[in-house]
Structure formats: structure tokens, C-alpha cells
Amino acid sequence: WIMFLNADDELADGAAAIVAAGFAARPDAEIVAGHALMIDGGAAETAPHTLVAAPGGRLDVAQLALGVPAINAMAFRRSLFDRRGCFETAYRVAGDRAFLLRLALSTAPPAVASVDAVLYRYHAHAGSLTLQRSLEQRLRIARDHIPLARQLLAERPAAPAARVLRHWRQREAAVAALRCAAAGRPLAALRFAAQLF
């Protein structure tokens, strides 16, 4: 099985044994999903925030699009990638989200075994690729999310998923437009605002 480890994060103690036990208990499962801790390096006094990967024991389109996918708190059978393909490298920031959304939108989403345990620790800091709070990073995210939502909508998903994806695309465009306007970048704000429609 496969897990993803970012350069500046860490697997929780005992994560490998927990994942192995999860797959052993659920031979039908292609994913074992647990919890992740979000640790803010700039606010050491703040308690870590807990993220739940695949809440409810399934890949949910709304949670994956509008929430935090927490893919690092998941383990995947290697056979899943052999059968379903790998990440789309065109999405430099949202490749993991795109992969999970494709699984969730497939006619036969993979079975998920949930474990009530921390598998991963994210460390948020200024150098984080997706966790930093700068304007430029937020715009990079929007530049991935908007075309991804558009691409998935072009594949004509079921009506409930399509509503979520349209809302996600519009939210990303609106947030990026407002952030650009507040930063005194009217042309960029207009470009993002045009993508609301």
C-alpha cells in the first residue's frame, strides 16, 4: 500500500501498523482513512487542529471540493493506482484533490475503511506549498481549482455533484477576485471575476 509524506510533515507513531491492521480487517477496502493533526508552526501555543480523512467512511464530493481532502491521512492499495491511474500533473497544487474527486465521481467509488486514529501530522508554516496564507499561494490554488471544477463539470456528473462543483468554481473565483481587489490588483480581480459565469 502507498501513503504520501510531504517533505516537512511526519507520519504519526504507529501509523504503518494501524494501516496494516485496517486493511487486514477490511479486505474489500482500497483505502484506509484516519485522522491528521494540523500543527501551526507560527502559533506554538495553539492546539493542533484535527482533520478527518474521508468522513463517514466514504469519498464525498462536497467534502473533497469544499473542505480539506487530507490525503496524507489515507493509505491506498497499490492496485488502486494500477486500475484507476495516477495524479494529473497539470494540477501543480491540486493534483491530490483532483485524484480523490475522480475516485468519488466514478461509477464505483473505492471502499474506504475508517480508523479512529491519527496517521499524519501536517506542519503549517510560511514555506508550506498549500498551507501558507499568502495572496500568491491563494491565487495558485484558485488557478488550479477553477479549471479542475470546469473539467469535472464537462464530464457531466450527476446533478448533486454538479451543483457542488459549480458552487466550488464560483467560490474560488469570488475569493480570488476579492483578495486581488483588496490587494490593489484590479486587473487580476477582473480576470477572476469573469470566471464566476
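Residues numbered from 1 in each chain as written. Predicted model: local features only at pLDDT ≥ 70, side-chain atom pairs only at ≥ 80, totals over all residues. Heavy atoms only, no water.

Caption draft 1: Inspection of the environment of Ala124 at higher detail. Position of Ala124 among the secondary structure elements: in strand β5 (residues 112-124). On the basis of relative accessibility, which here comes to 8%, the residue Ala124 falls in the buried class. A C-alpha to C-alpha distance of 21 Å links Ala124 and Ala176, two positions 52 residues apart in sequence. (Helix = DSSP H or I, 4+ residues; strand = E, 2+ residues; numbered from the N terminus. Buried < 20%, exposed > 50% of the residue type's maximum accessible area, 1.4 Å probe, protein only.)

Caption draft 2: Structural context of the pattern of salt bridges. Inspection of the entire model under this criterion finds 9 salt bridges. Overlapping salt bridges bring together Glu88, Arg102 and Glu155 as one network. (Salt bridge = Lys/Arg side-chain N within 4 Å of Asp/Glu carboxyl O.)

Caption draft 3: Seen up close, helix α4 (residues 95-105). The element α4 is extensively covered by neighbouring structure, given that 8 of its 11 residues are classed as buried. Restricting attention to buried positions, one finds in α4 the residues Gly95, Arg97, Ala98, Phe99, Leu100, Leu101, Leu103 and Ala104. Buried residues along α4 sit in contact with β2 (31-40), α2 (61-66), β4 (74-76), α3 (78-84), α5 (135-154) and α6 (159-182). (Contact = heavy atoms within 4.5 Å.)

Caption draft 4: The arrangement of unusual backbone geometry in detail. Positive phi outside glycine occurs at Ala70, with the angle close to 50°. Tracing the backbone through its elements, the reader meets Ala70 in the loop between α2 and β4. A relative accessible area of 3% places Ala70 in the buried class. Of note in the backbone geometry, Arg156 takes a positive phi value of approximately 55° without being a glycine. In this fold, Arg156 is placed in the loop between α5 and α6. On the basis of relative accessible area, Arg156 is assigned to the exposed category, the value being 75%.

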